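For reference, the chains in residue letters:
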Amino acid sequence: MTPTGSTLSGTAARLIARYGAPMRLGKTGAATYDPDTGTVSGSPSELEAPGIVESIDAAFVGGLVQSGDLLVTLSGAGLGAARPAPGDRLRIDGRWHDVIDVTTVSAGAAPLLFRLLVRR
């Protein structure tokens, strides 16, 4: 018998909540242009998202990965409808990191985990 996507998502969320560190995902809402004033605006938001941080072995440095980059795993259940994306920011231990790349692990249409490559 194989677990359903919701069971896997719940298990991932519980493990990350238990063993992960508190983080904040900073997103900027879709930009809008006001032709009357000539201004562009977007509404920034921050979401709490516990995650697990891993350092990246020096053997993998090169191409997209740079020395000092981190790999962060976030639960898909912990973010609601929000999806991390390159260009977002992630606050880890009080310091902001830029999200460089995102890989999604899914069961059907539901995301179980997000794996973020982040850089200070």
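A brief report on the enclosed structure follows. These numbers come from a predicted model, not from an experiment.

## Some points on the environment of Thr7
Then, number 1: Tracing the sequence through the fold places Thr7 in helix α1 (residues 5-19).
Then, number 2: Separated by 105 residues in the primary sequence, Thr7 and Leu112 have C-alpha atoms spaced 9.7 Å apart.

## Thoughts on the side chain of His97
Then, number 1: Take His97: it is sitting in strand β8 (residues 95-107).
Then, number 2: Overall, His97 belongs to the buried group, its relative accessible area being 7%.
Then, number 3: A distance of 3.1 Å separates a polar side-chain atom of His97 from the backbone oxygen of Arg95.
Then, number 4: Among all residues touching His97, those that are not within four sequence positions of it are Leu70, Asp88, Arg89, Leu90, Ile92, Val118, Arg119 and Arg120.

## Considering the pairing of strand β7 (residues 89-92)
Then, number 1: Where burial is concerned, the two faces of β7 differ: the one with Leu90 and Ile92 is buried and the one with Arg89 and Arg91 is not.
Then, number 2: Judged from the four bridges that link them, strand β1 (residues 23-28) and β7 form a sheet pairing that is antiparallel. The residue of β7 that forms the bridge with Met23 is Ile92.
Then, number 3: Inspection of the sheet shows β7 paired to β8 by four bridges, in the antiparallel sense. Note on β8: the bridge partner recorded for Ile92 is Arg95.
Then, number 4: The turn linking β7 back onto β8 is made up of two residues, and Asp93 within it adopts a positive phi angle of 50°.

## Focus: the nonpolar core
Then, number 1: In terms of nonpolar packing, the biggest core is built from 15 residues, with Val72, Leu74, Leu79, Leu90, Ile92, Leu116 and Val118 touching the most fellow members.
Then, number 2: When residues of this core are traced back to their parent elements, those giving at least two are β1, β6 (70-75), β7, β8 and β9 (110-119).
Then, number 3: Those residues within four positions of Leu116 in sequence are excluded, and the remaining contacts are Leu70, Leu71, Val72, Leu74, Pro84, Leu90, Val99, Asp101 and Val102.

## Some details on the pattern of salt bridges
Then, number 1: By the definition in use, this model includes six salt bridges.
Then, number 2: Arg24 is paired through a salt bridge with Glu48; the nearest N and O atoms lie 3.4 Å apart. Pair noted here: Arg24 is in strand β1 and Glu48 is in strand β4 (residues 44-48), with a separation of 24 residues, a long-range link.
Then, number 3: Across the pair Arg89 and Asp98 runs a salt bridge, and its minimum N-O distance is 3.2 Å.
Then, number 4: Taken together, the shared-partner salt bridges in this structure form one network comprising Arg24, Glu46 and Glu48.

How each quantity is defined
- Residues numbered from 1 in each chain as written.
- Predicted model: local features only at pLDDT ≥ 70, side-chain atom pairs only at ≥ 80, totals over all residues.
- Heavy atoms only, no water.
- Helix = DSSP H or I, 4+ residues; strand = E, 2+ residues; numbered from the N terminus.
- Buried < 20%, exposed > 50% of the residue type's maximum accessible area, 1.4 Å probe, protein only.
- Polar contact = N/O pair within 3.5 Å; in protein donor to acceptor, adjacent residues only side chain to side chain.
- Contact = heavy atoms within 4.5 Å.
- Pairing = 2+ DSSP bridges.
- Core = buried A, V, L, I, M, F, W, Y, C linked by side-chain atoms within 4.5 Å.
- Salt bridge = Lys/Arg side-chain N within 4 Å of Asp/Glu carboxyl O.

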